[in-house]
Amino acid sequence: MSYFLDEFASRESIVMRLENKIAIITGAGSGMGRAASVLFAKEGAKIAAVDINLESAEETVKQVKAGGGNAFAMRVDVSKSADTTAMVDETIKRFGVPHILYNNAGIEGQGGFLAQLTEEAFDKVIAINLRGVWLGMKAALPHMIKNGGGSIINTASIAGLVANRGSAHYCASKAGVIALTRVAAMEYGRYNIRVNAICPGAIDTPMVERINKASGAPPSSGARTSFFGRVGKPEEIAKTALFLASDDSSFATGAPFIIDGGWTVA
Ligand code: NAD
């Protein structure tokens, strides 16, 4: 009996959930984008690791390759349509039409109470967090349609669902990502394209470190937001992204997946 169980376990462990898939991951040079790049590659996907910071994307590629995966790095500013078009074209040239687009790049922006936010800070957050997600989908969708389908994952935030003091622009951008996700799912489901959003709570990434530093909050302050007394790990979000990227989530579309250690329950 135990022989059969062992046999089953080892067979299970060699099934790669993204075998022969091609994935574009934006913001791949840091935090959750890097964790997803490494995990998706371990599961068999070829990765276009794109980031506005080329060096950091190259470091991600190094980590992917060290794990036996395949990836290339590219400098892309997701708020610029010429860049997002080039991102998709280059991926097609190197690997083929992407099956997965993970629109993860985002910034926290210069914070402040609503009336104190500058127009520049507001516009920058909207341009990267919201327009960037739209531009990524706009560039990839026609190719995914021709290719017979795909899975798009957009990074929203629980800040798109609940209020966060000092981040009106950020909250609005993330609520917008949830809205874009719903409409995209409705419009492109007929082409076998699924579109979902992830709404992380406080996750241990350089972004949260910067936010804590800027506000003078202790590094562990995000832990209070979760029932587990800790912040989330980027790898815990990467596993959710993997579920959404793979056929395991074949009936999920248009949905905001809340992964927040319980933050929004109370
Ligand atoms: P991070 O700062 O560690 O990584 C973000 C990456 O995006 C960086 O590598 C950065 O260079 C890149 N980037 C920034 N502007 C870009 C642009 N214009 N074009 C391309 N790349 C760009 O942050 P993270 O915490 O890993 O955040 C990833 C996503 O998750 C973001 O969309 C963020 O808003 C969201 N999020 C983060 C948290 C959290 O607690 N960390 C919670 C909810 C949502």
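Bear in mind the structure is a predicted one, so any value in this text is a computation, not a measurement. (Residues numbered from 1 in each chain as written. Predicted model: local features only at pLDDT ≥ 70, side-chain atom pairs only at ≥ 80, totals over all residues. Heavy atoms only, no water.)

(A) Spotlight on the nonpolar core. Ranked by internal contacts, the top residues of the largest apolar core, which has 31 residues, are Met87, Leu101, Met137, Ile152 and Val195. Looking at this core, the elements that each hand over two or more residues are strand 1 (22–26), strand 2 (46–51), strand 3 (70–75), helix 4 (81–94), helix 5 (119–147), helix 6 (168–188) and strand 6 (193–200). (Core = buried A, V, L, I, M, F, W, Y, C linked by side-chain atoms within 4.5 Å. Buried < 20%, exposed > 50% of the residue type's maximum accessible area, 1.4 Å probe, protein only. Helix = DSSP H or I, 4+ residues; strand = E, 2+ residues; numbered from the N terminus.)

(B) The arrangement of the sheet that holds strand 2 in detail. Pairing is parallel in the open sheet, where seven strands are placed in the order 3-2-1-4-5-6-7. Two strands in the sheet have a free side with no partner beyond their single neighbour: strand 3 and strand 7 (256–259). Sheet twist, expressed as the mean angle between neighbouring strand axes with direction ignored, is 15°. As paired strands, strand 5 (residues 150–155) and strand 6 are joined by six bridges and run parallel to one another. When the bridges of strand 6 are listed, serine 151 appears paired with arginine 194. Contacts between helix 3 (residues 54–66) and the sheet are confined to strand 2 and strand 3, with strand 3 contributing the most and set at about 180° to the helix. Packed on one face of the sheet, helix 4 meets strand 1, strand 2, strand 3 and strand 4 (100–103) and runs near 155° to strand 3. (Pairing = 2+ DSSP bridges. Axes fitted to C-alpha atoms, helices over the stretch in contact; angles between N-to-C directions. Contact = heavy atoms within 4.5 Å.)

(C) Local environment of the site of the ligand. Close to the ligand lie 29 residues, the nearest being Ser30, Asp51, Tyr170, Ile203 and Thr205. In this structure, a nitrogen atom belonging to the ligand sits 2.9 Å away from a side-chain N or O atom of aspartate 77. When isolated, the ligand has an accessible area of 830 Å², and the protein chains bury 94% of it. For the shell around the ligand, the secondary structure elements donating two or more residues are helix 2 (31–42), helix 6 and helix 7 (206–215). Per-element accounting of the shell around the ligand gives the leading share, four residues, to helix 7. Residues that form the shell around the ligand fall into these classes: 15 nonpolar, 10 polar and four charged. (Near = heavy atom within 4 Å. Polar contact = N/O pair within 3.5 Å; in protein donor to acceptor, adjacent residues only side chain to side chain. Areas by Shrake-Rupley, 256 points an atom, 1.4 Å probe, with all protein chains shown as cover. Nonpolar A, V, L, I, M, F, W, Y, C, P; charged D, E, K, R; others polar.)

(D) Summary view of unusual backbone geometry. A positive phi angle is found at asparagine 20, which is not glycine, with a value near 65°. Mapped onto the fold, asparagine 20 is located in the loop between helix 1 (2–14) and strand 1. For asparagine 192, which is not glycine, the phi dihedral falls at a positive 65°. As for its position among the elements, asparagine 192 is in the loop between helix 6 and strand 6. Looking at asparagine 192, the relative accessible area reads 52%, which means it is exposed.

(E) Quick peek at the packing of helix 2 against helix 3. Their axes nearest at 9 Å, the elements helix 2 and helix 3 cross at an angle of 30°. Taken together, the axes of helix 2 and helix 3 are roughly parallel relative to one another. Regarding helix 2 and helix 3, the two cross each other, and that crossing is right-handed. Residues Arg34, Ser37, Val38 and Ala41 of helix 2 form the contact with helix 3, whose own contacting residues are Ser56, Glu59, Thr60, Gln63 and Val64. Its residues assigned to classes, the contact of helix 2 with helix 3 comprises three nonpolar, four polar and two charged. (Parallel < 35°, antiparallel > 145°, perpendicular 65-115°, else oblique. Left-handed = near helix turned anticlockwise from the far one by under 90°.)

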